[in-house]
Amino acid sequence: MKKLVAAALAIGLAAPLASVAAGAADIPHYPIKDPPRLSWSFAGPFGTWDKGQLQRGLKVYTEVCSGCHSLNMVAFRNLTDLGYSEDQVKGFAASHQVTDGPNDQGEMFKRQGKPNDYFPAPFANTEAAAYANGGAAPPDFSTIAKARAVESGFPGFVFDIFTMYTTKGPDYVHALLTGYQDPPKGMRVPQGGYYNPYFHSAAFLKMPPPLSDGVVKYDDGTPETVDQYAKDIAAFQMWAAEPHMVERKETGFVVIIFLAIFTVLIYYTKKAIYSRLDDH
Amino acid sequence: MSGDHSTYAPRSGFTKWIDTRLPLPRLMHDSFVSYPVPRNLNYAYTFGGILSIMLGLQMLTGIVLAMHYVASTDQAFTSVEFIMRDVNYGWLLRYLHANGASFFFLAVYLHIARGLYYGSYKAPRELLWILGVVILFLMMGTAFMGYVLPWGQMSFWGATVITGFFSAFPAVGDWIQRLLIGGFAVGQPTLNRFYSLHYLLPFMIAGVVILHIWALHVTGQTNPTGVDIRKKTDTIPFTPYATIKDALGMSVFFLVFAYFVFYMPNYLGHADNYIEANSLKTPAEIVPEWYFLPFYAMLRAITFNLGPINSKLGGVLTMFASILVLFVVPWLDTSKVRSAVYRPVYKVCFWLFIVDCLLLGWCGSQPPQGAIVLTAQLGTLYYFGFFLIIMPLLGLVEKPRRLPNSITEAVLSRRQTSAGRPAGATAAPEDRG
Ligand code: HEM
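Rules used in this analysis
- Residues numbered from 1 in each chain as written.
- Chains lettered and ligands numbered in written order.
- Predicted model: local features only at pLDDT ≥ 70, side-chain atom pairs only at ≥ 80, totals over all residues.
- Heavy atoms only, no water.
- Helix = DSSP H or I, 4+ residues; strand = E, 2+ residues; numbered from the N terminus.
- Buried < 20%, exposed > 50% of the residue type's maximum accessible area, 1.4 Å probe, protein only.
- Contact = heavy atoms within 4.5 Å.
- pLDDT = per-residue confidence, 0-100.
- Buried area = accessible area lost by both parts, 1.4 Å probe.
- Salt bridge = Lys/Arg side-chain N within 4 Å of Asp/Glu carboxyl O.
- Polar contact = N/O pair within 3.5 Å; in protein donor to acceptor, adjacent residues only side chain to side chain.
- Domains from an automatic or database assignment.
- Nonpolar A, V, L, I, M, F, W, Y, C, P; charged D, E, K, R; others polar.
- UniProt positions renumbered as here; feature names shortened; annotations may be inferred.
- Donors = N, O, S within 2.8 Å, 3.2 Å for Na, K, Ca; no water.
- Tetrahedral: all angles 85-135°; square planar, octahedral: opposite > 155°, others 65-115°.
- Near = heavy atom within 4 Å.
- Arc of directions from axis to C-beta.
- Expected span 1.5 Å × (residues − 1).
- Bend = angle between axes of the 7 residues up to and from the residue.

## Thoughts on the overall build of chain A
Within chain A one finds 9 helices and 4 strands. The linear arrangement of helices and strands in chain A, starting from the amino end, is α-α-α-β-β-α-α-α-α-β-β-α-α. Taken over 280 residues, chain A has a buried fraction of 39%. For chain A, restricting intrachain contacts to residue pairs at least 6 apart in sequence, the fraction spanning at least 24 positions comes to 62%.

## Regarding the confidence of the model for chain A
The share of residues in chain A with pLDDT of 70 or more is 90%, and the mean pLDDT across the chain is 91. Here residues 8-25 of chain A is a poorly scored stretch, pLDDT under 50, and it has 8 contacts once near neighbours within four places are set aside; other chains count.

## Brief notes about the interface of chain B and chain A
The partner chain A presents 54 residues to the 47 residues of chain B that form the contact. Buried area between chain B and chain A, both sides added, is near 4,300 Å², and the carbon and sulfur share of it is 67%. Counting every contact that joins chain B to chain A gives 1 salt bridge. Where Asp86(B) meets Arg77(A), a salt bridge forms, and the shortest distance between an N and an O atom there is 3.5 Å. Counting across the interface, chain B meets chain A through 14 residue pairs in polar contact (both at pLDDT 80 or more).

## Focus on the domain arrangement of chain B
Residue and element names in this part refer to chain B. Structurally, chain B comprises domain 1 (35-284) and domain 2 (287-407). Centre-to-centre separation of domain 1 and domain 2, based on C-alpha positions: 22 Å. Each partner contributes residues to the interface: domain 1 has 52 residues there, and domain 2 has 42 residues. Summed over both sides, the interface between domain 1 and domain 2 buries roughly 4,000 Å², with carbon and sulfur atoms accounting for 72% of that surface. For domain 1, the biggest contributors to the area lost against domain 2 are Leu116, Tyr117 and Lys122; these three give 18% of the whole. Our count for the contact surface shared by domain 1 and domain 2 stands at 2 salt bridges. Among the salt bridges present, the one from Asp228 reaches Arg338, with a minimum N-O distance of 3.0 Å. Our count for the domain 1 to domain 2 interface comes out at 15 residue pairs in polar contact (both at pLDDT 80 or more). Secondary-structure elements contributing two or more residues to the side of domain 1 that touches domain 2 are α5 (90-118), α6 (126-148) and α7 (153-165). The element that contributes the greatest number of residues to the side of domain 1 that touches domain 2 is α6, accounting for 11 residues. Grouping the constituent residues of the side of domain 1 that touches domain 2 by class yields 33 nonpolar, 11 polar and 8 charged.

## A short note on the UniProt feature "binding site: heme b b566" (unreviewed entry) in chain B
Residue and element names in this part refer to chain B. As recorded in UniProt, the sites labelled "binding site: heme b b566" (unreviewed entry) are His111 and His212. Sequence-wise these annotated residues cover 102 residues; spatially they are packed, their C-alpha atoms never more than 13.3 Å apart. You can see His111 is positioned in helix α5. By relative accessible area, which is 17% here, His111 ends up buried.

## Some thoughts on the coordination of the iron atom of the ligand
Residues and elements named next belong to chain B. Protein-derived ligands of the iron atom of the ligand are His97 (NE2) and His198 (NE2), with the metal-ligand distances lying across 1.9 to 2.0 Å. One can describe the site at the iron atom of the ligand as octahedral: its 6 donor atoms subtend angles covering 87 to 179° at the metal. Note that His97 is positioned in helix α5 and His198 in helix α9 (residues 188-219), a separation of 101 residues in sequence. Taken as a pair, His97 and His198 share a single burial class, namely buried.

## Brief notes about the UniProt feature "domain: Cytochrome c" (unreviewed entry) in chain A
Taking the numbering used here, the UniProt-annotated feature "domain: Cytochrome c" (unreviewed entry) corresponds to residues 52-181 of chain A. A distance of 30 Å separates the end C-alpha atoms of residues 52-181 of chain A, which is 39% helix and 6% strand.

## What to know about the domain arrangement of chain A
Domain annotation for chain A reports domain 1 (36-74 + 119-242), domain 2 (84-118) and domain 3 (249-273). In this structure, domain 2 of chain A and domain 3 of chain A have C-alpha centres spaced 49 Å apart.

## Considering the UniProt feature "binding site: a ubiquinone" (unreviewed entry) in chain B
Residues and elements named next belong to chain B. This chain's UniProt record puts "binding site: a ubiquinone" (unreviewed entry) on His217. Here His217 shows up in helix α9. Exposure remark for His217: the relative accessible area of 8% places this residue in the buried category.

## So, the site of the ligand
All names here are of chain B. As a structural note, the neighbourhood of the ligand is formed by 25 residues, with Gly62, Arg94, His97, His198 and Tyr199 the closest of them. Separating a nitrogen atom of the ligand from a side-chain N or O atom of His97 is a distance of 2.8 Å. For the shell around the ligand, the secondary structure elements donating two or more residues are α3 (47-66), α5, α6 and α9. Examining the composition of the shell around the ligand, we find that 7 residues originate from one element, α3, more than from any other. Classifying every residue of the shell around the ligand gives 18 nonpolar, 6 polar and 1 charged.

## Notes on helix α8 (residues 173-181) of chain B
A turn of α-helix holds 3.6 residues, and therefore any two residues three or four places apart point the same way. Residues and elements named next belong to chain B. Looking only at α8, the buried set comprises Gly173, Gln177 and Ile181. The arc enclosing the buried residues of α8, seen along the axis, measures out at 50°, which places them on a common side. Set apart from the buried face of α8 by more than 90 degrees, the exposed residues are Trp175 and Leu179. Buried residues belonging to α8 abut α7 and α9. The first or second residue beyond α8 is Gly182, which carries a positive phi of 65°.

## Observations regarding helix α15 (residues 371-397) of chain B
With 27 residues, α15(B) should cover 39 Å at 1.5 Å per step; its first-to-last C-alpha distance of 34 Å lies more than 12% under that length. Gly385(B) marks where α15(B) bends most, by close to 50°.

## Here we look at the environment of Arg193(B)
Residues and elements named next belong to chain B. Looking at the secondary structure, you find Arg193 in helix α9. Here the alpha-carbon distance between Arg193 and Ala297, two residues 104 residues apart in the chain, equals 27 Å. In this view, Arg193 contacts Leu179, Leu180, Ile181 and Gly182; residues no more than four positions away in its chain are not counted.

## Regarding unusual backbone geometry
The peptide bond linking Tyr30(A) to Pro31(A) adopts the cis configuration, its omega dihedral lying at -5°. Tracing the sequence through the fold places Pro31(A) in the loop between α1 (2-26) and α2 (51-63). In the segment running from Ala123(B) into Pro124(B), the intervening peptide bond is cis, with an omega of 5°. Positive phi values are uncommon outside glycine, yet Trp151(B) reaches one of about 55°. Tracing the sequence through the fold places Trp151(B) in the loop between α6 and α7. Its identity is not glycine, yet Ala171(B) carries a phi of approximately 65°, on the positive side. In this structure, Ala171(B) sits in the loop between α7 and α8.

## Here we look at the UniProt feature "binding site: heme c" (unreviewed entry) in chain A
Residues and elements named next belong to chain A. As annotated by UniProt and renumbered to match this structure, "binding site: heme c" (unreviewed entry) occupies Cys65, Cys68, His69 and Met207. For this annotated set, covering 143 residues, all C-alpha atoms fall within 10.8 Å of each other, a compact arrangement in space. Those residues within four positions of Cys65 in sequence are excluded, and the remaining contacts are Val60, Phe141 and Ile233. Mapped onto the secondary structure, Met207 falls in the loop between β4 (204-205) and α8 (226-241). Residues in contact with Met207, not counting those within four places in the same chain, are His69, Leu176, Leu177, Tyr180 and Tyr194.

Shown next, in the form of structure tokens:
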């Protein structure tokens, strides 16, 4: 009888495992490769922005990505966070044309940007954006650094809490931008698609590799490599998605110190109060 | 408690004047100061207080968020981002509210687990328990509708999937679904009614909480021994004893909460909710918030038809049953002994049940393929087996350990044994004062 039960159990356990192995073969898992984890200046409890890096990221955005990607929720005035003066922001805004109106004749018109304006979008709407890019609209950059997170799996997701790993987004963007390569032998990449094992939802995406060494000039001596550009734009996207991150962590530090002291005080008060009871 | 035990003595002329007209200060004094509590309550008993504070925090942050939020399908997503970027401390409000919901559920699950462990649902506390389950139901509705408000991809698709389940009910299903979403697909009417209800339900929760606490103060609290209060030395006054213990539990809880709010505010959420809702683009995986995962796993575990009940309806019924079964727990458990401390077999079954819930949660987060489906099915079986088979049968066959004659005796005997032990060898966690 015992043997029978054991045999039944063995079959019961083996069958689903076998089906998993089989399932893994025919249901592909994306991304094909997990993004490597980089170290970022803004990671960890005391992380801060590297303003030079954010400025370089802005340069990469304006010179390369802004041709296709919008940045709808960031206003020019926010750029003072990157260490620019009010005048520099005014000048930067003025180098953009924004649509305003309607005027007193009911017409929309173009004018120079002002600090209160938001970054103008490269396409009039998502349909136009998709039409110009082989059917896939380039996503807006305002929240993208928080909108991509490759799962850590078990038990990694538990460790992430203790290592305070919160830079999945920038790690992903960096991996994607540096991850273009030739498709493995035998894989057919459809027309207009580019193989990238780091892309989160398929083996290829509709964005041509946007970066190559030297396309953006840096004036602070930072290497002009794809790897560096990718890091800088990813950091810039993180700032765009979470402009109050540093303030948040600084506030958090004060709150946690306060709560810790408060907890210790309550602990000793509690001990003193309970010592009045005869069972302590 | 009722006036006959009241120890409230108004001192000034003004408080005396109030007391003879509306004895609200007396009610507060008798409920939160002189109210007698068992002397051996442990930290598992602090979650009730934590829950009340969390409800208050959700209401407070929610009301301020509502001043800036725009319930329109075109603007909801942007308005939440605007709160995060441009409203003073808007990021704090929003992260407190979003993580607050998670910690609210964490606390309520621990509170329920405490109840299951110490048999808090047994006579005479059946109504107290049932009111608690009503609160859980309302919380689930509130959180589900709140999650739709930021109008991200998971908001939209979560709402679509969950309301879609109602169409599984024969005859009335489609009608219920249309009533819920106000049309044939999730859209502007859905967002509007969810916003309205999301604002309303927390106040209904607050009403039920008042009944819950009223019922509590009629029967009194259970305690880790499960033995009823027999003499005066069994109890201590709520203030300062329970107050300070609750305060300690709360401040540790808030430390963990603050860690998430300030350092990992998006850890408990889903990245896809930072993409604006798009009715033409289904996300690769539609998963609910973590606190719904065990129920979601049970819903998807029913992959087979049962006679006239197809797998979809079976799943929906299973999911509802998994919460409805809690209502009848007081009558399912046949054991005369309240606390798991004195029930060696039930204790093991209880911890297996906790592991089972975690396992179901994991299954709910994974794509339903291969071993995940089977694991979820076995997990569902144990979930219901625990309530419907173990609880009734175990009470009849289990041989409980000897109960102490009174709380005082239990406490004093512990002091004697621990006095004879080397330092560090403390009592088991469930007996610790
Ligand atoms: C039982 C208490 C409550 C729970 C469990 C709860 C839960 C939630 C959840 C899970 C969200 C989505 C969070 C996100 O990802 O952004 C949310 C959003 C929201 N809630 Fe609540 N809520 C509660 C009470 C309230 C109250 C009392 C109000 C207002 C009077 C309110 C107003 C809002 C608003 C305006 C939003 C949208 C803004 C946002 O998404 O951050 N909530 N709620």
